[in-house]
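# Coordinate inspection notes
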Amino acid sequence: MFSAEQNCWFVRKVICWRAVASVAWAVLLLPPTMAVFVVLSRFSLLHPIQWISECLSLLTSASAIFSFILLCSVVVVVGFFNLEYYTVIPSIACSKIDLFGQLLHPRQFVHSLAHCIMGVIVAWCCAITIGGRYQTLGSPCTQGDGGPQMCVNEYHLILLLAGAFTGYSHSLLGVIHNMNYVSFHTVQQYKYLRFKGTLPLVVKCSATQSLYSVRNYLVVYFFLGYVPKAWICKTLNLQLNSSLHPLDSIAGLLDLSLLYHLWITGTFLLLTWYITLLLFRIFVTEVYSFPVQSSFTEDAHQCLPKVLTDKQPVILKFLALQDMALLSQHSPSRRLEVFSLSQPGGHPHNWNAISKECLSLLADLTQRLVAHHDTVATNGRAKSQSTGSDKKSASSESSVTSGTEDLLSPRPGVVIRTPASALVRSLAGVPRSPLTAPFTPDLDSPFSFSSPALRRLARTPDAFSPVYGGLQSPHVMRRGPKLWSTSTDTQTNGSPPPSPASASSSTLAVSKPSLLAQFLQSRKEQVKNFLAKRVLIIYLFSKLPEASSQALFADGQSHIWALEGLSHLVEASFSEDQFGVVQTSLPSILSSMLILQEAVDRHFKLPHASSKPVRSTCSMGDPSYKTLRFALRATLKTAIYRITTTFREHLNAVPMSAEHRKRLQQFLEYKE
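Residues numbered from 1 in each chain as written. Predicted model: local features only at pLDDT ≥ 70, side-chain atom pairs only at ≥ 80, totals over all residues. Heavy atoms only, no water.

## What about the overall build of the protein chain?
For the record, the criterion: Strands are runs of DSSP state E lasting at least 2 residues, helices are runs of H or I lasting at least 4, and numbering of each runs from the N terminus. Remark: exposure states derive from per-residue accessible area (1.4 Å probe, protein chains only) relative to the maximum for the residue type, with buried under 20%, exposed over 50%, and partly exposed in between. Here a residue-residue contact requires only that any non-hydrogen atoms of the pair lie within 4.5 Å. Residue-level accessible areas treat just the shown protein chains as cover; the underlying method is Shrake-Rupley with a 1.4 Å probe.
On a plain count of helices and strands, the protein chain comes out with 30 helices and two strands. Here the protein chain holds 672 residues, and the buried ones make up 48% of them. For the protein chain, contacts bridging at least 24 residues in sequence account for 80% of all contacts bridging at least 6. Surface exposure of the protein chain reaches about 33600 Å², of which carbon and sulfur atoms provide 64%.

## Concerning the state of the cysteines
The line we're drawing: Whenever a pair of cysteine sulfur atoms sits within 2.5 Å, that pair is classed as a disulfide.
The tally for this structure, following the rule as stated, stands at one disulfide. Each sulfur of the disulfide joining C141 and C151 lies 1.6 Å from the other. One quick way to see it: the torsion about the S-S bond of C141 and C151 is about 50 degrees, and its sign makes the bridge right-handed. Taken together, the positions of C141 in strand β1 (residues 138-142) and C151 in strand β2 (residues 148-152) put the pair 10 residues apart, joining distant regions of the chain. For the pair C141 and C151, a shared accessibility class is recorded, and that class is buried. Considering cysteine sulfurs only, C151 is the nearest to C233, which forms no disulfide, with 8.3 Å between them. Judged by its relative accessible area of 10%, C233 is buried.

## As for a nonpolar patch on the surface
For clarity, the cut-off: Nonpolar side chains (Val, Leu, Ile, Met, Phe, Trp, Tyr) are joined into patches within 5 Å and like charges within 9 Å, using only residues with over 30% relative accessible area and no salt bridge. One speaks of a salt bridge when a side-chain nitrogen belonging to Lys or Arg is within 4 Å of a carboxyl oxygen belonging to Asp or Glu.
A contiguous nonpolar patch, built from V219, V220, F222, F223, L224, Y226, V227, I250 and L254 and spanning about 900 Å² of accessible area, is present on the exposed surface. Among the elements of the structure, α9 (191-224) and α10 (226-236) are those that each provide at least two residues to the nonpolar patch. Residue contributions to the nonpolar patch peak at five residues, all from α9. Of note, L224 is situated in helix α9. Judged by relative accessible area, which is 47%, L224 ranks as partly exposed.

## Here's the deal with the nonpolar core
We apply this condition: To form a nonpolar core, buried Ala, Val, Leu, Ile, Met, Phe, Trp, Tyr and Cys residues must be joined to one another through side-chain atoms within 4.5 Å.
Counting residues in hydrophobic clusters, the biggest one holds 83 residues, and the most contacted among them are F10, F290, W351 and M593. Ignoring any residue separated from it by four or fewer positions in sequence, one finds F290 in contact with W9, F10, Q302, L304, V307, L316, L319, A320, D323 and R334. Counting 50 residues, the second largest nonpolar core, distinct from the first, contains V23, L30, L247 and L278.

## Notes on the packing of aromatic side chains
Rules: Side-chain rings of Phe, Tyr and Trp (the six-membered ring for Trp) are treated as a pair once their centres are within 6.5 Å; stacked means planes under 30 degrees apart, edge-to-face means over 60, and tilted covers the remaining angles. Only when the NZ atom of a Lys or the CZ atom of an Arg is both within 6 Å of the ring centre and within 35 degrees of the ring normal do we say a charge sits over the ring.
Counted according to the given criterion, the structure contains 24 aromatic pairs. Arranged with centres 6.1 Å apart and planes meeting at 75 degrees, the rings of F80 and F81 form a pair that is edge-to-face. The exposure class of F80 is partly exposed, given its relative accessible area of 45%. Under the relative-accessibility criterion, F81 is labelled buried at 11%. Considering the side-chain rings of F184 and F318, the 6.0 Å spacing of their centres and the 25 degrees angle between planes classify their relative orientation as stacked. Highlighted residues: F184 in the loop between α8 (154-176) and α9 and F318 in helix α14 (residues 314-330), separated in sequence by 134 residues. Here F318 falls in the buried class, since its relative accessible area comes to 1%. The side chain of R133 reaches across the aromatic face of Y155, ending 4.2 Å from its centre. Over the ring of F530 we find R534, and its NZ or CZ is 4.4 Å from the ring centre.

## Things to note about helix α4 (residues 48-59)
Inclusion rule: Between the first and last residue of a helix there are one fewer steps than residues, each counted as 1.5 Å, and that sum is the expected span. The arc in question is formed by the directions pointing from the helix axis toward the C-beta atoms.
Spanning 12 residues, α4 covers 17 Å between terminal C-alpha atoms, matching the ideal 16 Å at 1.5 Å per step. Listing the buried residues of α4 in full gives W51, C55 and L58. Buried residues of α4 fall within an arc of 70 degrees about the axis and therefore sit on the same side. In α4, the exposed residues that point more than 90 degrees away from the buried face are I49 and L56.

## Comments concerning the confidence of the model for the protein chain
The predicted coordinates ought not to be read in detail in places where the model reports low pLDDT. As a reminder of what qualifies: Confidence scores per residue from the predictor, reported as pLDDT, run from 0 to 100.
Of all residues in the protein chain, 78% have pLDDT values of 70 or greater, and the mean over the chain is 81. Long-range and interchain partners of residues 380-434, a stretch whose pLDDT sits below 50, account for 102 contacts in this model, where long-range means more than four residues apart. Per-residue pLDDT stays below 50 along residues 500-509; that stretch engages in zero contacts with residues further than four places along the chain or on separate chains.

## What about the side chain of H115?
With respect to the helices and strands, the residue H115 is situated in helix α7 (residues 106-130). With near-sequence residues (within four places) excluded, H115 lies in contact with F81, G167, H170, S171 and W273.

## Side note on unusual backbone geometry
With the exception of glycine, the majority of residues adopt a negative phi angle, and the majority of peptide bonds are in the trans configuration. The backbone of N178 shows a phi angle near 55 degrees, a positive value even though the residue is not glycine. Here N178 shows up in the loop between α8 and α9. The phi torsion at R648 lies on the positive side, around 50 degrees, for a residue other than glycine. Along the chain, R648 turns up in the loop between α29 (628-647) and α30 (658-668). With relative accessibility at 35%, the residue R648 sits in the partly exposed group.

## Quick notes on the packing of α29 against α30
Going by this rule: Angular values range over 0 to 180 degrees, each being the angle between N-to-C directions of two axes fitted as lines to C-alpha atoms, with helices fitted over their stretch in contact. Angle categories: roughly parallel below 35 degrees, roughly antiparallel above 145, roughly perpendicular from 65 to 115, and oblique for all the rest. For this scheme, ten residues count as nonpolar: Ala, Val, Leu, Ile, Met, Phe, Trp, Tyr, Cys and Pro. Four count as charged, namely Asp, Glu, Lys and Arg, and the remainder, Gly too, count as polar.
Where α29 meets α30, the axes come as close as 9 Å, and the angle between the chain directions of the two elements is 80 degrees. The orientation of α29 relative to α30 falls into the category roughly perpendicular. Across the interface between the two elements, K637, I640, Y641 and T644 from α29 touch L664, Q666, F667 and L668 from α30. For the contact of α29 with α30, the residue count by class is five nonpolar, two polar and one charged.

## What to know about the pattern of salt bridges
Taken as a whole and judged by the stated rule, the model has 15 salt bridges. For R42, the salt bridge goes to E54, with nearest N and O atoms at 3.7 Å. Placement of the pair is R42 in the loop between α3 (30-41) and α4 and E54 in helix α4, with a sequence separation of 12 residues. Judged by relative accessible area, R42 falls into the partly exposed class, the value being 22%. Residue classification places E54 among the partly exposed residues on the basis of a relative accessible area of 30%. Here D255 makes a salt bridge to R133, at a shortest N to O gap of 3.2 Å. Taken together, the positions of D255 in the loop between α11 (250-253) and α12 (256-284) and R133 in the loop between α7 and β1 put the pair 122 residues apart, joining distant regions of the chain. Looking at D255, the relative accessible area reads 17%, which means it is buried. Given the relative accessible area of 30%, R133 is considered partly exposed. Here the salt bridges share partners, and the residues they tie into one network are E154, K229 and D248.

Next comes the structure, spelled out in C-alpha cells:
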C-alpha cells in the first residue's frame, strides 16, 4: 500500500508521521516490557533477594543493552510491515480456495519469511536474557571416547526454532483473522485512554496465543525436530550429546522449566508485536479535520469536498467521511461553510460535492445488493427451495422474469416493493463510487448458472435512455417501459426488443462452431461435472455461509458515515440553511435512502444474512467487520427517522413516486 500511495500528500504528511509516532511509542514501551520479562524468566520464590539482585545486574549488563538494540530494530521492521500491509477494507475470503490463495500469495510469503527471521532474533535475545542452559548454541561435552568436544545445545536450538514457529504462526493468523484490518471506533477517545483500555486484552491475547503456539510447536518438534538438529550439527560441525535425553522425545519435552520458558518467550514476542500493532491502529485512525473551503487555490485539493471525491488512498477517503459525519453533528460553524454559496456566482459547490459523493456511495451499495440478490435467485439456491426438480436448462429470459416477479410481485395487504430492475434504473443516474468492496457477485464463476440476460439486467442504462436518472417524473415513467417489465433490451437502452425476423437473420449470420470447438466444449463440461461431484472440490469451492454477506458490507463503515453525515446535515438545514441549498437535493436523498433500505431488507431475507457471527477466540484481529451489515441497517433506519421527525408534514411537498411516499408515510407514523 505504501509503495502505491507514497506520492499522495496525505500519506507523506500525515500517515507516515503517524506511523513513525506509533513506532516511537512502541520503542519507549520496550524497556518496561523487557524488565517484566527478565523478572518473570528468572523467577525464584525460594531466593527472592538473589532473584532481585540478578535481575538488576542483568538489566544493566552489556548483553541486555545489545539485546535491547536488536529488539528496537525488530519493532521498527514490524511497524514498517504494519504500514505496508494495513487496510481499511478487510479482504474476506468467500471460500476455502480463496483463503488458500491469500496464504500462498508471494506478498504473504515475504511477510511470513520476515516474521520468521524476526522471531528467531527475538528468541535469541530471550535466550541470552534467560541465561543458564539457554545461553549458547554450542556447549562443551564429553563423549564416549573421553575427549572434550563441542556439542549442540538443544535447549538453545529449541528456543530459536520456537521463535521462528511463533513468527510464522503470527503471520498466518494475521491473514485468517484479518489482523491488518484497521477499524474506526464509534466512540472517540483520547489515545492514552484507548491504549489503557485495550492493553489488558493485548496481554491476555498474547499469553493465550503463545500457549496455543507452544502446543502446536511441541507436536511439530516431536515428529520433525531431528531435521533442523541434524542440519545444524552438519553445518556447524557440532556433535550430539548422547548423555542427555533428546528433546524430540516424550521424556525430553516433559520438562516444566522448558515449557515455562517457551511460553514466556512466546508471550514476550507476541506482546511486543501486538503493542506495536495496537499503537499503529490508534494513531492511524485518529480524527483528522479537513478544511471545508480554503482561501488559497493551492490548498484546494486538501479541502473536504475535494478529498471526498479522491479515489486513492482509501484511508484518506475514510477519514474524510469520518470528519464529515462529525462536523454534521458537532460543528455548527463548519456546517455553515457547507451550506454557503460561492463568491462570485452564488453556487453551493461545497454542498453539491459532498451530497453527490454520499449519494454515489449509497447507489454503489444498492447496486451491489441488487446484483447479489439476483445472482442468488438464479444460482439454483432460491429455486431449489420452491421446486424439487433438478432442471438447469431453461430460457434465460424466462428465468430472470420469473425470479424477479416471484420475489417482487405485489400482493394484497403487503407494501409494494420496487423490483430489482427498477432499483437499477433509478440508481443509474448516480455516478459510481470509487470505493469498491472486495466482493464481486458470482456472475463469472465457473460454477455459476447465471444467464446473459441477468448480466444485462444489472448493467447501467445508457445516458440517453428515458429512464436515466435517480428520480423519475410521472410523465417520463409513463413514456418509458412498464414498472414490472424485465425485458433486458428495454432496460438497457429504452428501445423495444428486436423483431423475430431481425433476430433470426442475425442468428443465421453467425457461423456454426467447428467440430473441434464442439468437442472441446463437451469435454470441458464433462470435466466440470466430474470435478463438481468430488468431495475435495466441493469443500474448496463451496461458499462459506456468512462470507458473501460480510464481503458485501466490507466497506460498510463508509456508507454508515455517509448516511449519518447526510441525515444530520439535512436535519440541521431545517434551521441553519439560509439559502435553501439542501432542499433541492432532498428528493434524491430520500429516494436513495428508501431504495437502499428496500435492498437491505431484501438482503436480510436471504439465508445466513441475518444470523449473528460466532464469537471468535482471543485474537488481535478486529471482528467488527462481521457486524457492519447490522450497524448499517440500524443507521439507515435512524437516518430516515431523523429526517422525517424534523420535516414531518413538510415532506408532503417533496416530489417523489407513489411507492416511496407510501413507504415514507410508515416512517412518519412510526410503523417501521
